[in-house]
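# Analysis of the macromolecular model
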Amino acid sequence: DVNDIVETGISISSTFGAICLDDIASPRAFTIADLLDKATDIPVFSNQHHGTAILVLGALYNALKVTGKKLQDVRVVLSGAGIAGIGVARLLVRAGVRNLVVCDRAGAIHQYRPERMNWAKAYVARETNKDQRKGSLRQMLEGADVFIGLSSGDIVDGDMIRSMAEDPIVFALAVPTPEVLPDVAREAGARVVATGRSDFPNTMDVSLVFPGVFRGLLDSGARSIRLRMMIYAAQALAGMVQDGDLHADHIVPHIFDFRVAPAIAAAVVHGAIEAGE
């Protein structure tokens, strides 16, 4: 029950330095996080929301370097409108992505779509898809520069990748089965491919993000999580891969690179100071 979770969080908040929420479905997760953030004086970190968003933005910074494209110019299609998908969409828009369409089982999310909507998707509809495009994921991918999958496996085929723009970026992050397997995506022309699996190159695991961000929240004594803190964390994550080591199969640091957490923590503290937190 949402109220029970919130009341419990408020009751224990004076004993802890921060709260982490995980594995709560959308839109309840956003309601819980928002109410806890307003009612407590410690930061409320949502692992699937904030953590995944920072991870994707950091990886995208480096993938765009590999392809020679710019954040503000690319067309991004995101599959999945759960807490992770909505969280990523919100951060990408605020970081500078101008052309972003979020899709779910009913296709592109746009304003006043009558089916499969809730208040969180309605919020996304206002923030994204400025051209109010309508249609399926297959249609949205035509001419897109970036595909981000946070949905379910085997929903993208080679023809869909071939329909994308030149040198497309594919983040197929569903586990255990990605939206499209890396070999299929590369054969269809994808320049950069990342998954959430450790047996493929470019393993994107939220464990790269969570320890450093939480450490930074605790060290800074921040009251809330601010946009600047998340963007600085994403930049720190990207910066862990030096330009000389950056290539299509190495856009994120390895999961056991123990430099990552301290660097992200320092970035979060820096952002907290600048944001007045």
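You'll find the structure just up there.
Residues numbered from 1 in each chain as written. Predicted model: local features only at pLDDT ≥ 70, side-chain atom pairs only at ≥ 80, totals over all residues. Heavy atoms only, no water.

Our next topic: the pattern of salt bridges. Applying the stated rule across the entire model yields 16 salt bridges. We note a salt bridge from Asp243 to Lys65, for which the minimum N-O separation is 3.6 Å. Placement of the pair is Asp243 in the loop between α10 (227-239) and α11 (260-274) and Lys65 in helix α3 (residues 47-67), with a sequence separation of 178 residues. Side by side, Asp243 and Lys65 carry an identical accessibility label, which is exposed. The salt bridge partner of Lys69 is Asp145, with a shortest N-O separation of 2.9 Å. Remark: Asp145 occurs in the loop between α6 (137-141) and β6 (146-149) and Lys69 occurs in the loop between α3 and β3 (75-79); sequence separation between them is 76 residues. What you see here is one network of salt bridges that share partners, running through Asp104, Arg113 and Lys121. (Salt bridge = Lys/Arg side-chain N within 4 Å of Asp/Glu carboxyl O. Helix = DSSP H or I, 4+ residues; strand = E, 2+ residues; numbered from the N terminus. Buried < 20%, exposed > 50% of the residue type's maximum accessible area, 1.4 Å probe, protein only.)

In this section: the pairing of strand β7 (residues 169-172). Neither face of β7 is open: one carries Ile169 and Phe171, the other Val170 and Ala172, and all of them are buried. Bridge count for β6 against β7 is four bridges, and the pairing is parallel. Bridge pairing in β7 places Phe147 opposite Val170. Two elements, β7 and strand β8 (residues 192-195), share four bridges in a ladder whose sense is parallel. Note on β8: the bridge partner recorded for Phe171 is Ala194. (Pairing = 2+ DSSP bridges.)

Glancing now at the pairing of β3. With five of five residues buried, β3 lies mostly within the body of the structure. Sheet topology note: the β3/strand β4 (residues 99-104) ladder contains five bridges and is parallel. Bridge assignment links Val76 to a residue of β4, and that residue is Leu100. A crossover connection joins β3 to the parallel β4 through helix α4 (residues 83-95); in handedness this β-α-β unit is right-handed. Sheet topology places β3 next to β6; four bridges connect them, and they run parallel. When the sheet's bridge partners are listed, Val77 is paired in β6 with Phe147. (Right-handed = clockwise from strand over helix to strand, strands pointing away.)

This part is about helix α2 (residues 28-39). Spanning 12 residues, α2 covers 16 Å between terminal C-alpha atoms, matching the ideal 16 Å at 1.5 Å per step. When α2 is considered as a whole, its buried residues turn out to be Ala29, Phe30, Ile32, Ala33 and Leu36. Down the axis of α2, the sector holding all buried residues measures 165°, keeping them to one side. In this structure, the buried residues of α2 make contact with α1 (2-12), β1 (19-21), β2 (44-46), α3, α4 and α5 (119-127). (Expected span 1.5 Å × (residues − 1). Arc of directions from axis to C-beta. Contact = heavy atoms within 4.5 Å.)

No statement about biological role is implied by the geometric values presented.
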